[in-house]
Amino acid sequence: MGDPTTYHFDLDPAARPAFAPLVERWWPGIRDAALKASSARIYDAILGVRAIVIHATAGGSSAGAASVIFDRRASFHWLVPDEDEPQHGQFVWATCHEARAAWHVRNACCHPMLWDGRGRINHWSLGVEVVNRQIRSDAFSDWQVEATAQIVLYAWAKYPNLRHVVSHAMLDPARRSDPGIWFPWERFRAAVLDGRKDEVPELVAGAAAIEAVLPSAPFCMVV
Ligand SMILES: [Zn+2]
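Residues numbered from 1 in each chain as written. Predicted model: local features only at pLDDT ≥ 70, side-chain atom pairs only at ≥ 80, totals over all residues.

Caption draft 1: Summary view of the overall build of the chain. A count of helical and extended segments in the chain gives seven helices and nine strands. Looking at the chain residue by residue over its 223 residues, the buried ones come to 39%. Long-range contacts, defined here as pairs at least 24 residues apart, represent 79% of the contacts in the chain between residues at least 6 apart. (Helix = DSSP H or I, 4+ residues; strand = E, 2+ residues; numbered from the N terminus. Buried ≥ 20, exposed ≤ 12 C-beta atoms within 10 Å, placed from the backbone. Contact = placed C-beta atoms within 7 Å.)

Caption draft 2: Molecular detail of helix H5 (residues 185-195). Along H5, the residues classified as buried are Trp 185, Phe 188, Ala 191 and Val 192. For H5, the arc enclosing every buried residue in end-on projection is 125°, short of the 170-degree limit, so these residues lie on one face. When the buried face of H5 is taken as reference, the exposed residues oriented beyond 90 degrees from it are Glu 186 and Asp 194. Tucked inside the fold, the buried residues of H5 contact helix H3 (142-158) and strand E9 (164-167). (Arc of directions from axis to C-beta.)

Caption draft 3: Spatial organisation of the sheet that holds strand E4 (residues 51-56). With mixed pairing, the seven strands of this open sheet are ordered in space as E1-E9-E4-E8-E5-E6-E2. The open sheet is flanked by strand E1 (8-10) and strand E2 (24-26), the only strands paired with a single partner. Neighbour-to-neighbour, the strand axes of this sheet turn through a mean angle of 25°, independent of strand direction. Relative to strand E8 (residues 125-130), E4 runs parallel, the two sharing six bridges. From the neighbouring strand, Ala 56 faces E8, where its bridge partner is Val 130. (Pairing = 2+ DSSP bridges. Axes fitted to C-alpha atoms, helices over the stretch in contact; angles between N-to-C directions.)

Caption draft 4: Summary view of unusual backbone geometry. Put simply, Asp 178 and Pro 179 share a cis peptide bond, and its omega is 10°. Although it is not a glycine, Ala 58 adopts a positive phi angle of roughly 70°. Within the secondary structure, Ala 58 sits in the loop between E4 and helix H2 (62-70). Residue class for Ala 58 comes out partly exposed when judged on the 18 C-beta atoms lying within 10 Å of it. For Arg 120, which is not glycine, the phi dihedral falls at a positive 50°.

Caption draft 5: Focus on the confidence of the model for the chain. Summing up the model confidence of the chain, the mean pLDDT is 90 and the portion of residues at 70 or higher is 88%. Predicted confidence for residues 212-223 stays below pLDDT 50, and this span has 19 contacts to residues more than four positions away or in other chains. (pLDDT = per-residue confidence, 0-100.)

Caption draft 6: Molecular detail of the nonpolar core. Grouped together as the largest cluster of nonpolar side chains are 56 residues, with contacts concentrated most on Ile 52, Leu 79, Val 128, Val 152 and Ala 155. In terms of residue count, H3 provides more of this core than any other element does, nine residues in total. Those residues in contact with Ile 52, other than ones at most four positions away along the chain, are Ser 125, Leu 126, Val 128, Val 152, Ala 155, Leu 162 and Val 165. (Core = buried A, V, L, I, M, F, W, Y, C linked by C-beta atoms within 7 Å.)

Caption draft 7: Expanded view of the environment of Glu 83. Considering the arrangement of structural elements, one finds Glu 83 in the loop between strand E5 (78-80) and strand E6 (92-94). Put simply, Glu 83 and Asp 138 are 55 residues apart on the chain and 9.5 Å apart in space, counted from C-alpha to C-alpha. Not counting chain neighbours up to four residues away, the residues in contact with Glu 83 comprise His 88 and Ser 141.

Caption draft 8: Focus on H2. Buried within H2 we find Ser 62, Ala 65, Ala 66 and Ile 69. Angular distribution of buried residues about the axis of H2 spans 95°; they occupy a single face of the element. Structurally, H2 contributes buried residues whose contacts are with helix H1 (30-36), E5, E6 and E8. Where H2 ends, the next residue or the one after it, Arg 72, has phi of about 60°, a positive value.

Dropping the structure here:
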């Protein structure tokens, strides 16, 4: 059991992976909805990304989490399915355009350890939601932890200034506790930092996207 308000680690720029694949699919119909539930970034969409925020839904379904985007109440870039959903073990859902600022942290939130306490974190961050009820009987699966780590690796390779991996609870401790006391933060951190050793060769990195080659291929998480 951990204290989610302390969940945080920094990424060493010298250890940044050259490439890290992510198997993701758009949630059906959400691409247009996400445009209306996000903002244009005020910083460069690549160079301006400095943090990735880990959330958990407190609900038990991906559909419930995705509905907040359709309702324009909040948004996040990825959704990691729960173990009782068919996508679990297969792929993560893309739920908002990475180039847009999703609405996953209150604008007033800031932390001195993150970019000198700068606010409007959504404009310089990415948001990940892990589907989990945040109760003891609903453990995060190993795959959910690995898939969340793989999202961080993918983003670390893509965004050269990405430094901070942080919980929502650390950014908004008075109001939020996600991803919760049961999220295995140390195991997740190790998966991120160990995962970078599994870089794929240049040849594979330069290959066409799998969907362009094999439209009906079975998907699996590449870790
Ligand atoms: Zn959250």
